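Structural overview
Listed below are the residues making up each chain.
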Amino acid sequence: YCWPRDAIYITKALDLLKMEKETEKFYKVFCKNTQSKNGMWEQRFYTDGTLAPCWGYQIDETASIVYGVYDHYTRTKDKKFLKDNLKMVEKAVKFLEEYVEDLIEDKKQMRISYDLWEMHEGTSIYSMASIFAAFEAMQKIYDVLAEELQENRLKQSNIIKQQEIIEKQLVQIKNYVLANFYDEDKKCFVRNTEDRKLDMSILGATVPFRMFSPNEK
């Protein structure tokens, strides 16, 4: 089986070992073939790309791939790789934007997401951090490709609008996390808004997703 979220950590390891071609194939072949029409990725697949049995939905499966695409670029500096995957990550970010909008405005239209451990359905700090990282990655991808896309005026106009939306939602996500996931009694972040327990998934807010710096109080 392949959980997209788990695969991001594996491809990161492959990049460290200079196995960039294998990582590139994962994104350009596997991810493109398994992305749903609405931009999301399901919970898990067979390694041939067909959908495997799922028992829920995890928003971080989708967010992690956007984060992973840019993370791969930071190691290879291959702009063509970003251009080849631009449409894919834009579709994913559109899906994530709708998810965040529904969550912040409490519309309850999107499917409830499982947490990292597939134990709790609701909103978790790991999931929110992964979305934050996906939006930051999209901003950086646009920055890298700005020169290549400057001749396409319609595309440039759409990118400017998109960046404004993302900028707004980055602030919303961080404020939402600070308001809902910090426990004044524990003096610590908690893993979800229901049981308010601490576990290792809280680390995701700093590593790898860097919603908060390790040096922040």
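Residues numbered from 1 in each chain as written. Predicted model: local features only at pLDDT ≥ 70, side-chain atom pairs only at ≥ 80, totals over all residues. Heavy atoms only, no water.

**Quick notes on the packing of helix 5 (residues 125–149) against helix 6 (residues 153–180)**
Contact geometry for helix 5 and helix 6: axes closest at 10 Å, N-to-C directions at 155°. As judged from the angle between their axes, helix 5 and helix 6 are roughly antiparallel. For helix 5 against helix 6, the interelement crossing comes out left-handed. Here the contact of helix 5 with helix 6 is composed, by residue class, of 15 nonpolar, five polar and five charged. (Axes fitted to C-alpha atoms, helices over the stretch in contact; angles between N-to-C directions. Helix = DSSP H or I, 4+ residues; strand = E, 2+ residues; numbered from the N terminus. Parallel < 35°, antiparallel > 145°, perpendicular 65-115°, else oblique. Left-handed = near helix turned anticlockwise from the far one by under 90°. Nonpolar A, V, L, I, M, F, W, Y, C, P; charged D, E, K, R; others polar.)

**A few points about the environment of Leu 116**
For Leu 116, the position within the fold is in the loop between strand 1 (113–114) and strand 2 (121–122). Under the relative-accessibility criterion, Leu 116 is labelled buried at 15%. In the structure, Leu 116 is positioned 67 residues away from Gly 49 in sequence and 22 Å away in space, judged by C-alpha atoms. Once residues within four sequence positions are removed from consideration, Leu 116 is found in contact with Arg 5, Gln 58, Tyr 126 and Ser 201. (Buried < 20%, exposed > 50% of the residue type's maximum accessible area, 1.4 Å probe, protein only. Contact = heavy atoms within 4.5 Å.)

**Focus: the pattern of salt bridges**
Tallying each qualifying case throughout the model produces 13 salt bridges. A salt bridge links Arg 196 to Asp 183, with the shortest nitrogen-to-oxygen separation between them at 3.6 Å. Taken together, the residues Arg 196 in the segment after strand 4 (188–189) and Asp 183 in strand 3 (residues 182–183) connect sequence positions 13 residues apart. Exposure remark for Arg 196: the relative accessible area of 24% places this residue in the partly exposed category. Residue Asp 199 is joined to Arg 191 by a salt bridge in which the shortest nitrogen-to-oxygen separation is 2.9 Å. Overall, Arg 191 belongs to the buried group, its relative accessible area being 16%. Three or more residues joined by partner-sharing salt bridges are found here, namely Arg 5, Asp 6, Asp 60 and Glu 61. (Salt bridge = Lys/Arg side-chain N within 4 Å of Asp/Glu carboxyl O.)

**Describing the nonpolar core**
Formed by 61 residues in total, the largest nonpolar core has its most connected members in Val 69, Ile 131, Phe 135, Ile 141, Ile 173 and Val 177. Of all the secondary structure elements, the ones that give two or more residues to this core are helix 1 (4–16), helix 2 (20–34), helix 3 (59–76), helix 4 (79–104), helix 5 and helix 6. Counting residues per element, this core draws most heavily on helix 5, which supplies 16 residues. Sequence-distant contacts of Ile 131, defined by excluding residues within four places in its chain, comprise Ile 59, Ala 63, Leu 96, Tyr 99, Val 100 and Ile 173. (Core = buried A, V, L, I, M, F, W, Y, C linked by side-chain atoms within 4.5 Å.)

**Structural notes on the packing of helix 2 against helix 3**
Across the interface, helix 2 lies against helix 3 with an axial gap of 11 Å and an inter-helix angle of 150°. Looking at the two axes, helix 2 sits roughly antiparallel to helix 3. By crossing handedness, the relation of helix 2 to helix 3 is classed as left-handed. Here Glu 20, Thr 23, Glu 24, Tyr 27 and Cys 31 of helix 2 come into contact with helix 3, specifically with Ile 65, Gly 68, Val 69, His 72 and Thr 76.

**Focus on helix 5**
Over its 25 residues, helix 5 extends 35 Å from the first C-alpha to the last, a length consistent with the 36 Å expected when each residue adds 1.5 Å. The largest bend in helix 5 comes to about 35°, at Asp 143. In terms of residue burial, helix 5 counts as a mostly covered element, since 19 of its 25 residues are buried. (Expected span 1.5 Å × (residues − 1). Bend = angle between axes of the 7 residues up to and from the residue.)

**Some words on the environment of Ala 146**
With respect to the element layout, Ala 146 can be found in helix 5. Its relative accessible area of 35% is what places Ala 146 among the partly exposed residues. Put simply, Ala 146 and Ala 13 are 133 residues apart on the chain and 29 Å apart in space, counted from C-alpha to C-alpha.

**Quick look at unusual backbone geometry**
In this structure, the amide linkage connecting Val 207 to the following residue, Pro 208, adopts the cis form with an omega of 10°. Within the fold, Pro 208 resides in the segment after strand 4. The backbone of Glu 118 sits at a positive phi, close to 60°, despite the residue not being glycine. Relative accessible area serves as the criterion here: at 22%, Glu 118 is assigned to the partly exposed category. Even without being a glycine, Lys 187 presents a positive backbone phi close to 55°. Position of Lys 187 among the secondary structure elements: in the loop between strand 3 and strand 4.

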